[in-house]
Each structure stands twice: as structure tokens, then as C-alpha cells.
Amino acid sequence: MQTNLESKKEKLLFLTLSVFSETGGIQKVCRTMSSALAELTVNENELLVLSLCDHSRDLDKRYLKTECFKGFHYNKFWFTLSAFRKSLGASKILLSHVNLIPIVFFIKLFKPATKIILIIHGTEVWRTLPFWKSLFLRKKVCIWSVSHFTAKQAAVRHGIALQNIHVLHNCLDPFFPIPVDFSKPTELLKRYKLTAKQPVLLLITRITRHERDKGYDQLINCLPGLLKEFPDLSYLMAGKTDHEEATRLKNLLIKNKLENQVKLLGFIPDNELISHYLLADIFILTSKKEGFGLVIIEAAACGRKIICGNNDGSKEAILHGKLGEVVDPENIVQLQTTIRKLLKTESKLNQRRRIQQTCIRQFNYSAYKQQVNNLLYTDIKTRL
């Protein structure tokens, strides 16, 4: 059976900021999208992915063939020039980030028939944009949003018609290894000096002065009350951490006498990600500005209990409560009560499997790829 890309032989250009050299939610989305586009094309010359920040050697060949990828290692001039040149043979240009709009603005002037598609993720389109950029989004761009929440934010803030925004929920990475054994990894228990029965709370996110809306301060404030009932409770904070925020958090922990209960783990490599999810009794991300929340569906795919915020795109990742608990990020009492309830509830094998299966059924890669294929050839009435 031929896909739409096979039958139409259209050339597609995917412009990104980074895909393989950095780790983060947007980078993961770009990898998954690159893989889907590569599988939907027949010949290598029908797809080209250009990355501003990556080096060409950063390519992970599981996602793309060498012929389909070129990195420019932060060289904006050659990236922009190459984007212009390659756009001449492309019928569609997909952008991974709103910051790439200036490039396609000029491409559109020279080649008006080119269809421009922008993936929007979250806070990058929740903030104020220059008037010309908002106007361009309204008039010249088809938008794919990772959540209904982000779509509505973009529509309200920039006057974009909702019929020009299509929701494409993120999915599990095509190479995300789905665990069949939910037991806590012995190696990590030893590394962090934990016991198998010791309750563990886990956060995986970027921990920087710009990311304090992720909710970890509120959780730290909950701990003294929880420790009275669960004295061996441990909170693991994983993710790339800048020096300023690490210093602030260490001082906060010392002030609250929590140095022994909270561990800052730093960056977790992909090959240890699953093990860290399995180590947790509860995965908690009570963010106030989450566009979707890839880590939420990753935790669900590992059968974890989950708590997330109710004021952003996290609600869609957690399927409005089907995969876990939803709380008000500002309500410390509610958060503490929910953690206490989950810690007291035994996590049975069939419940973990149910969470995992529900997640995989909703956020699997095959369905995502099919939706990408459908969206590429949906007749969207965008002014050209």
C-alpha cells in the first residue's frame, strides 16, 4: 500500500534548531518526527532535515539516513543559505520552532506556493511575539500543536484561527524500550543507597532558574509533613541542572533539613532513563507551563503512578486522569494529600500493566506516523 508521500513524490524540507546533540522535549519531538517522515518517504531525495545546532556527525542513524540530514553546528549563515537553496525544490517546509519563522518569511516571498507548517510546543508561543510574526502565523502558516491547550493559547494570544491549528499529540519515541518487568533496578538502589521498599518520588525535567514553574519547590515544601508519616521517603530530582539553580536548591534543602531526603541527580542518559522511571513509586511533575509533557507518557509507559498539574497541557498527556492524578500546582495541601494517598495504596501488577497499556494504545508511534501522513495531505485552507 502506497503512502501519500509515495504517490505524490513531493519533496519535504524539515528545518530544526537541534535534534540529536541536545536532550529535551522539543529535541525528542524532532527525532520522532524525523523518523516518521523518513518512513513515509520512498527515496532519500524526497526528505531533507537541516539542523542549525547539530553537527552532521551527531546524527543517530536509527532515525534518519545520512543522505537525509545535515547539521550546521551553530553556523546561522550557512544554515539559512542552505534552507533557501533547498526550499526551491520543496513543496512543503516543516518548522520545529517558531524562531525559524524569519527564514521562511523570505522563502514565502520568492516562492508563494510553498506550504509552511509549524510545530508549536508550549511556552515559545504563549508569550508575546512581534506583530509581523503573529500576522505571518495567521495568514501564511499551517500549525500543528502538541496539545489542545497550546493550540488555544496560540489562538487567543496571536489571533490564529483554530481551523488552521491541528492537534498532533506527542508520542513515545519509536525506540523507547517498553519494560515488562516493573521491579526496582538493583543497580540504582545501590547507587542511591535506597532499599526496595523505600518510597521514592521522582522528577525528570530541566532544573534551571528559568524552569521553576515545574513545581519542584512546592514538592520540597510538602516533604516535612510527609516525612512525619513516611520517614524514609526519598525525592530524586533528575535532569540537566545549571549551577545557579543547583546552589539555590542545596541552600533550600539545608534550610529545611532535607539534604538526606532529596538528591539532585543531574542529567540522566537515555540508556538509564527507563531504570530511573522504574525506581520511582510516584512520578511527579506539577508544572504550570507544560505544553504537553513527554516525560508523563514515558513514566506511564513504565507503569508508574503519576501526579501532574491541571493548568496546562499535562492534562492531555495524563488523559485527563486516566493515567494518574491531576492536582492544582499551587495547592500544596492537595499535592501532599494526593502523595499520601498514593503512597498508602499498594501498586499492583495489573494496575501497572493497565496504565502502561492505556498509554501505549493512546500514544504509540504507529498511530502518530499515520496522523503525520494524514496531516501532510489535509486540505487546509491557509492563505498562501
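Since the structure is predicted, the reported quantities are computational estimates derived from the model, not experimental observations.

Calculation notes
- Residues numbered from 1 in each chain as written.
- Predicted model: local features only at pLDDT ≥ 70, side-chain atom pairs only at ≥ 80, totals over all residues.
- Heavy atoms only, no water.
- Phe/Tyr/Trp six-rings, centres within 6.5 Å; stacked < 30°, edge-to-face > 60°.
- Lys NZ or Arg CZ within 6 Å of the ring centre and 35° of its normal.
- Helix = DSSP H or I, 4+ residues; strand = E, 2+ residues; numbered from the N terminus.
- Expected span 1.5 Å × (residues − 1).
- Buried < 20%, exposed > 50% of the residue type's maximum accessible area, 1.4 Å probe, protein only.
- Arc of directions from axis to C-beta.
- Contact = heavy atoms within 4.5 Å.
- Polar contact = N/O pair within 3.5 Å; in protein donor to acceptor, adjacent residues only side chain to side chain.
- Patch = residues over 30% accessible without salt bridge, like charges linked within 9 Å, V, L, I, M, F, W, Y side chains within 5 Å.
- Areas by Shrake-Rupley, 256 points an atom, 1.4 Å probe, with all protein chains shown as cover.
- Salt bridge = Lys/Arg side-chain N within 4 Å of Asp/Glu carboxyl O.
- Lys, Arg positive; Asp, Glu negative; His and termini not counted.
- Charge placed at Lys NZ, Arg CZ, Asp CG, Glu CD.
- Axes fitted to C-alpha atoms, helices over the stretch in contact; angles between N-to-C directions.
- Left-handed = near helix turned anticlockwise from the far one by under 90°.
- Nonpolar A, V, L, I, M, F, W, Y, C, P; charged D, E, K, R; others polar.

(A) Quick look at the packing of aromatic side chains. Evaluated as defined, the whole model comprises 11 aromatic pairs. Geometrically, the ring pair formed by Phe77 and Trp78 is edge-to-face, given 5.2 Å between the ring centres and 80° between the ring planes. Joined through ring pairs, the aromatic side chains of Phe20, Tyr63, Phe69 and Phe175 make up one cluster. When the ring centre of Phe175 is taken as origin, the NZ or CZ atom of Arg62, which lies over that ring, is 4.7 Å away. Over the ring of Phe72 we find Lys70, and its NZ or CZ is 5.3 Å from the ring centre.

(B) Local environment of helix 3 (residues 76–87). Counted at 1.5 Å a residue, the expected span for helix 3 with its 12 residues is 16 Å, and the 16 Å between its end C-alpha atoms agrees. Listed as buried for helix 3 are Phe79, Ser82, Ala83 and Ser87. Along the long axis of helix 3, the arc covered by the buried residues comes to 125°, so they all point the same way. Exposed side chains of helix 3 directed beyond 90 degrees from the buried face belong to Phe77 and Arg85. Those residues of helix 3 hidden inside the fold are in contact with strand 1 (12–16), strand 2 (47–51), strand 4 (92–95) and helix 4 (101–110). Between the side-chain oxygen of the N-cap and the backbone nitrogen of Phe77 there are 3.3 Å, and the N-cap of helix 3 in question is Asn75.

(C) Structural detail: a positive patch on the surface. A contiguous patch of positive charge on the surface is contributed by Lys11, Lys70, Arg85 and Lys86. For Arg85, the location among the structural elements is in helix 3.

(D) The arrangement of the packing of helix 3 against helix 4 in detail. One can describe the packing of helix 3 onto helix 4 by two numbers: an axis separation of 10 Å at closest approach and a directional angle of 35°. As helix 3 runs across helix 4, the sense of the crossing is right-handed. Residue-level contacts link Phe79, Thr80, Ala83, Phe84 and Ser87 of helix 3 to Ile103, Phe106 and Ile107 of helix 4. Among the residues forming the contact of helix 3 with helix 4, the class breakdown is 6 nonpolar, 2 polar and no charged.

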